[in-house]
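# An overview of the molecular structure
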Amino acid sequence: DVKVTQSSRYLVKRTGEKVFLECVQDMDHENMFWYRQDPGLGLRLIYFSYDVKMKEKGDIPEGYSVSREKKERFSLILESASTNQTSMYLCASHGGGTDTQYFGPGTRLTVL
Amino acid sequence: QKEVEQNSGPLSVPEGAIASLNCTYSDRGSQSFFWYRQYSGKSPELIMFIYSNGDKEDGRFTAQLNKASQYVSLLIRDSQPSDSATYLCAVNVGGGGNKLTFGTGTQLKVEL
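Report on the accompanying structure.

What follows deals with empty space enclosed by the protein. One water molecule sets the probe size; rolling that probe over the atoms shows where empty space is left. Residue and element names in this part refer to chain B. Applying the stated criterion across every chain yields a total of one cavity of 30 Å³ or more. The computed volume of the largest cavity comes to approximately 30 Å³. What lines the largest cavity is a set of 10 residues, among which Glu-3, Val-4, Ser-30, Val-91 and Val-93 lie closest to the centre. Looking at side-chain class alone, the lining of the largest cavity contains four nonpolar, three polar and three charged residues.

Structure representation (structure tokens):
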């Protein structure tokens, strides 16, 4: 079974803090994704990566950056957290001949 | 703008009935289609995917695809209370990295 893990289930940060969200997958997948999910807006793609050190912007990259130094790990960085970044953040991975993306458990981030 | 649209619901069906969930998409170049189930507070999990026009059955679930009408549906037979969840439709429009565009989801309630 594909396993995607995220560093925290719940996180509370203050406005202006730098926030790191970590995602690790154990299936040697090439592609990894970061989404945020908000009520009424659904899942929106922030960034994705199709290889180590490669990244592409998704639909809502503003205020975020990413890092992929190793194939199994994809990090989402909020350089200066703001209250409008309070959301559920979901990581997903895809590759190895699988048909679709597999999601981690999610991190519910609250920015105060 | 590549869009995937779903009725937000809630869709209420009695236990044992057939639940019909619908999704339309705007990009005619879309290549593959996915249905995810998401329980409250949990991450999405894949139920089915479909690539070709017609029906695809898996247990109590049937996915239907009509590319000419840009329409994909999910039928759940013999609905159970445990099927109560939000169902997300996702579309892969091709290109690199297996990017998916998600609908906002339909909330299904199966009532005793």
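A few words on the interface of chain A and chain B. At the interface, 20 residues of chain A touch 17 residues of chain B. For the pair chain A and chain B, the number of links is zero salt bridges. Inspection of the region where chain A meets chain B yields four residue pairs in polar contact (both at pLDDT 80 or more). Taken together, the elements giving at least two residues each to the side of chain A that touches chain B come down to β4 (31–38), β5 (42–51) and β9 (87–94) of chain A. Across the side of chain A that touches chain B, the residue classes break down as 10 nonpolar, eight polar and two charged.

This part is about the sheet that holds strand β6 (residues 54–58) of chain B. Residue and element names in this part refer to chain B. Strand order in the open sheet formed by five strands is β1-β3-β8-β7-β6, with antiparallel pairing between adjacent strands. With partners counted over all chains shown, the strands left at the sheet margins are β1 (4–5) and β6, one partner each. Both strand β7 (residues 61–66) and strand β8 (residues 71–76) contribute to a ladder of six bridges, which runs antiparallel. Paired with Phe-61 across the bridge in β8 is Ile-76.

This brings us to the environment of Arg-44 of chain A. Residue and element names in this part refer to chain A. Among the secondary structure elements, Arg-44 is positioned in strand β5. What makes Arg-44 partly exposed here is its relative accessible area of 25%. With 24 residues separating them along the chain, Arg-44 and Phe-20 place their C-alpha atoms 19 Å apart. The residues contacting Arg-44, other than those within four sequence positions of it, are Trp-34, Tyr-35, Arg-36, Asp-38 and Ile-60. Among the polar contacts listed, one links the side chain of Arg-44 to the side chain of Asp-38, at a separation of 2.9 Å.

Let's shift gears to the pairing of strand β5 (residues 45–50) of chain B. Residue and element names in this part refer to chain B. With five bridges connecting them, strand β4 (residues 32–38) and β5 associate as antiparallel partners. Within β5, the residue paired with Phe-34 across the bridge is Phe-49. Counting the residues between successive antiparallel strands, the hairpin from β4 to β5 contains six residues, one of them, Gly-41, with a positive phi of roughly 80 degrees.

Considering all chains together, one arrives at 12 aromatic pairs over all chains under this definition. Ring centres 6.5 Å apart and planes at 50 degrees place the aromatic pair Phe-48 of chain A and Tyr-50 of chain A in the tilted group. Of the residues examined, Phe-48 of chain A reaches a relative accessible area of 2% and is grouped as buried. For Tyr-50 of chain A, a relative accessible area of 31% translates into the label partly exposed. Summarising the aromatic geometry, the rings of Phe-103 of chain A and Phe-102 of chain B are spaced 6.0 Å apart at their centres and angled 70 degrees between planes, so their arrangement reads as edge-to-face.

Let us look at unusual backbone geometry. Gly-9 of chain B connects to Pro-10 of chain B through a cis peptide bond whose omega is 10 degrees. Topologically, Pro-10 of chain B is positioned in the loop between β1 and β2 (11–14). Here Asp-28 of chain A, not a glycine, exhibits a phi torsion of approximately 60 degrees, which is positive. Within the chain, Gln-70 of chain B stands out as a residue other than glycine whose phi angle is a positive 55 degrees. In this structure, Gln-70 of chain B sits in the loop between β7 and β8.

For the rest of this paragraph, the subject is the sheet that holds strand β8 (residues 73–78) of chain A. Within a sheet, adjacent strands bond to each other through the backbone by hydrogen bonds, running parallel or antiparallel. All names here are of chain A. Reading across the sheet, the four strands line up as β1-β3-β8-β7 and stay open at both edges, with antiparallel pairing between neighbours. What marks the edges here is a single partner per strand, and that holds for β1 (4–6) and β7 (64–70). Strand-to-strand twist in this sheet, taken as the mean axis angle between neighbours without regard to direction, amounts to 20 degrees.

About the cut-offs
Residues numbered from 1 in each chain as written. Chains lettered and ligands numbered in written order. Predicted model: local features only at pLDDT ≥ 70, side-chain atom pairs only at ≥ 80, totals over all residues. Heavy atoms only, no water. 1 Å grid on protein atoms, 1.4 Å probe; cavity = no way out; pocket = protein on both sides within 12 Å on 5 of 7 lines; lining within 4 Å. Points joined across faces, edges and corners; volume = space filled by probe spheres on them. Nonpolar A, V, L, I, M, F, W, Y, C, P; charged D, E, K, R; others polar. Contact = heavy atoms within 4.5 Å. Salt bridge = Lys/Arg side-chain N within 4 Å of Asp/Glu carboxyl O. Polar contact = N/O pair within 3.5 Å; in protein donor to acceptor, adjacent residues only side chain to side chain. Helix = DSSP H or I, 4+ residues; strand = E, 2+ residues; numbered from the N terminus. Pairing = 2+ DSSP bridges. Buried < 20%, exposed > 50% of the residue type's maximum accessible area, 1.4 Å probe, protein only. Phe/Tyr/Trp six-rings, centres within 6.5 Å; stacked < 30°, edge-to-face > 60°. Axes fitted to C-alpha atoms, helices over the stretch in contact; angles between N-to-C directions.

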